[in-house]
Amino acid sequence: MRFGPEYPNNPNIKSIPNANEFDVDDSEPFVPPIDEDKSRKDALRLLGLDRNYRTLVPDQDKQEYLVAAERISAYENIDTTTNPRQRKIDQKKGIVSEIVKENLISPEILKGYITVYLGSGTDVEYPLAIGARHLKMVDYILDDPKAQQEILERLERILGTKVSIEENEISFPFDFGEGAETVRIELDALTYTPEIEVEGTQDGVGLIICYAAQGPSGKIEIGDNLKSQVVQGGVIIKDSQVIRLNTETGEEEIEDIGTRES
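Note that the coordinates shown come from a computational prediction; the quantities given were computed from them, not determined experimentally.

> Could you give me a rundown of the pattern of salt bridges, with the residues and numbers involved?
Inspection of the entire model under this criterion finds 17 salt bridges. For Glu178, the salt bridge goes to Lys111, with nearest N and O atoms at 2.9 Å. A residue pair is termed long-range when its members are at least 10 positions apart, and Glu178 in the loop between β4 (169–175) and β5 (180–188) and Lys111 in helix α5 (residues 107–112) qualify at 67 residues. For Glu178, a relative accessible area of 61% translates into the label exposed. Judged by its relative accessible area of 37%, Lys111 falls in the partly exposed class. Notably, a salt bridge pairs Glu125 with Arg154, separated by 2.8 Å at the nearest N-O pair. Placement of Glu125 in helix α6 (residues 125–130) and of Arg154 in helix α7 (residues 145–159) is noted, with a sequence separation of 29 residues between them.

Encoded structure:
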C-alpha cells in the first residue's frame, strides 16, 4: 500500500511536510566538514615537524651517547626563538639524538675542521651538543652587545663558570666525553648571502649548520662558494636533513633525519 501526504488520515503517518515548508538558507556556500587530523598533519608537514626522532630521554641514554656533564647540559639547554617554540626545541633535540646515535658526523671531522652555523642568532647550545669544537657563528645581530652578552650567559649556564669575549672570540675548556678540549667560538656579524664568502673557511669546513635560518632578506640559502669549502667527509645539517657532498663530482647525497609520521 502506498502512503503519502494525499492520505492524511493514515494513522501511521503523523505529518509529512511539503518540501516548500522547509526553511533552507542557501545564501552561504556549502562548506564540507573539516578533517582535523589531516589539517594537523598538513600543518606539521609545512612546518617541517612531521617527523619522529629517537630522542635521548632517559638519563642512561644521555650518559651513554653524550657522556660528559657539560655536553649533556648543552643538550638539555637547547632552545629556539622559532615558533612553535616547544616543538622546534623537541625537533632540535631529536636531530642531535639521531646524529650521536648513528654517528652521522665523524668526531675527527668535528675536531679537525671548523663548523659554520648560518643564521645562528645566539644559539650556542645546539652546535656544542652536536660536538663542534671550532665554531663560527654567522648572523648579522652578532655585533650587538646584547646578543654577545646573551651568548656569554648561555655558555655560563652550561659550564657553571664565567667566560669572556675578546675581539669577537670566546675560548673555554669543554668536555665532549674524552676530557677537556679547547672550544673556540668566533662571532661573525655578517649578513649572509649565497654570494658572500665566509672568512676563515679556506682551510676547510667540517660542518655547516642551517636551522630555520632567516636573514634580513628572508630565508638563508647555502651558497656554492661555501659548499666548495666542505672537506671530504664533511656534512651539512640543514633543518632535519643530512647533506653529504662528493668533493670530486660536486653531487649531493641527501638523507632525512628521523622517520616521517604515518
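Having seen the model, we can carry on.
> Any details on empty space enclosed by the protein? Residues and values, ideally.
One simple way to see leftover space: roll a probe sized like a water molecule over the atoms. Enumeration over the complete set of coordinates arrives at one cavity of 30 Å³ or more. For the largest cavity, the calculated volume is near 40 Å³. Around the largest cavity sit Gly119, Val138, Asp139, Tyr140, Leu190, Thr191, Tyr192, Gln214, Gly215, Pro216 and Ile220, which together line it. Looking at the lining of the largest cavity residue by residue, the classes come out as six nonpolar, four polar and one charged.

> Outline the sheet that holds strand β2 (residues 114–118), supporting the account with residue identities and numerical values.
Backbone-to-backbone hydrogen bonds join strands into a sheet, with any given pair of strands oriented parallel or antiparallel. One open sheet accounts for eight strands, arranged β4-β5-β3-β2-β6-β9-β10-β11; its pairing is mixed. Looking along the sheet, the strands with just one partner apiece sit at the ends: β4 and β11 (252–256). The average angle at which neighbouring strand axes cross in this sheet is 20 degrees, direction not considered. Relative to strand β9 (residues 230–238), strand β6 (residues 205–210) is paired through five bridges, and the arrangement is parallel.

> Hey, could you go over helix α4 (residues 85–102) for me, with residue numbers and the actual values?
Note: α-helices contain 3.6 residues per turn, so residues at a spacing of three or four share the same orientation. The end-to-end C-alpha separation of α4 is 26 Å, in line with the 26 Å expected for 18 residues at 1.5 Å each. What α4 keeps buried is the set Lys88, Ile89, Gln91, Lys92, Lys93, Gly94, Ile95, Val96, Ser97, Glu98, Ile99 and Val100. Contacts made by the buried residues of α4 are with β1 (51–52), α2 (59–65), α3 (69–76), β2, α6 and β9. Remark: Asn103 follows α4 within two positions and exhibits a positive phi of approximately 50 degrees.

> Please provide a residue-by-residue account of the packing of α3 against α4, values included.
Their axes nearest at 10 Å, the elements α3 and α4 cross at an angle of 145 degrees. Between α3 and α4, the contacting residues are Arg71, Tyr75 and Glu76 on the first element and Lys93, Val96, Ser97 and Val100 on the second. Among the residues making up the contact of α3 with α4, the classes are represented as three nonpolar, one polar and three charged.

The rules behind each value
Residues numbered from 1 in each chain as written. Predicted model: local features only at pLDDT ≥ 70, side-chain atom pairs only at ≥ 80, totals over all residues. Heavy atoms only, no water. Salt bridge = Lys/Arg side-chain N within 4 Å of Asp/Glu carboxyl O. Helix = DSSP H or I, 4+ residues; strand = E, 2+ residues; numbered from the N terminus. Buried < 20%, exposed > 50% of the residue type's maximum accessible area, 1.4 Å probe, protein only. 1 Å grid on protein atoms, 1.4 Å probe; cavity = no way out; pocket = protein on both sides within 12 Å on 5 of 7 lines; lining within 4 Å. Points joined across faces, edges and corners; volume = space filled by probe spheres on them. Nonpolar A, V, L, I, M, F, W, Y, C, P; charged D, E, K, R; others polar. Pairing = 2+ DSSP bridges. Axes fitted to C-alpha atoms, helices over the stretch in contact; angles between N-to-C directions. Expected span 1.5 Å × (residues − 1). Contact = heavy atoms within 4.5 Å.

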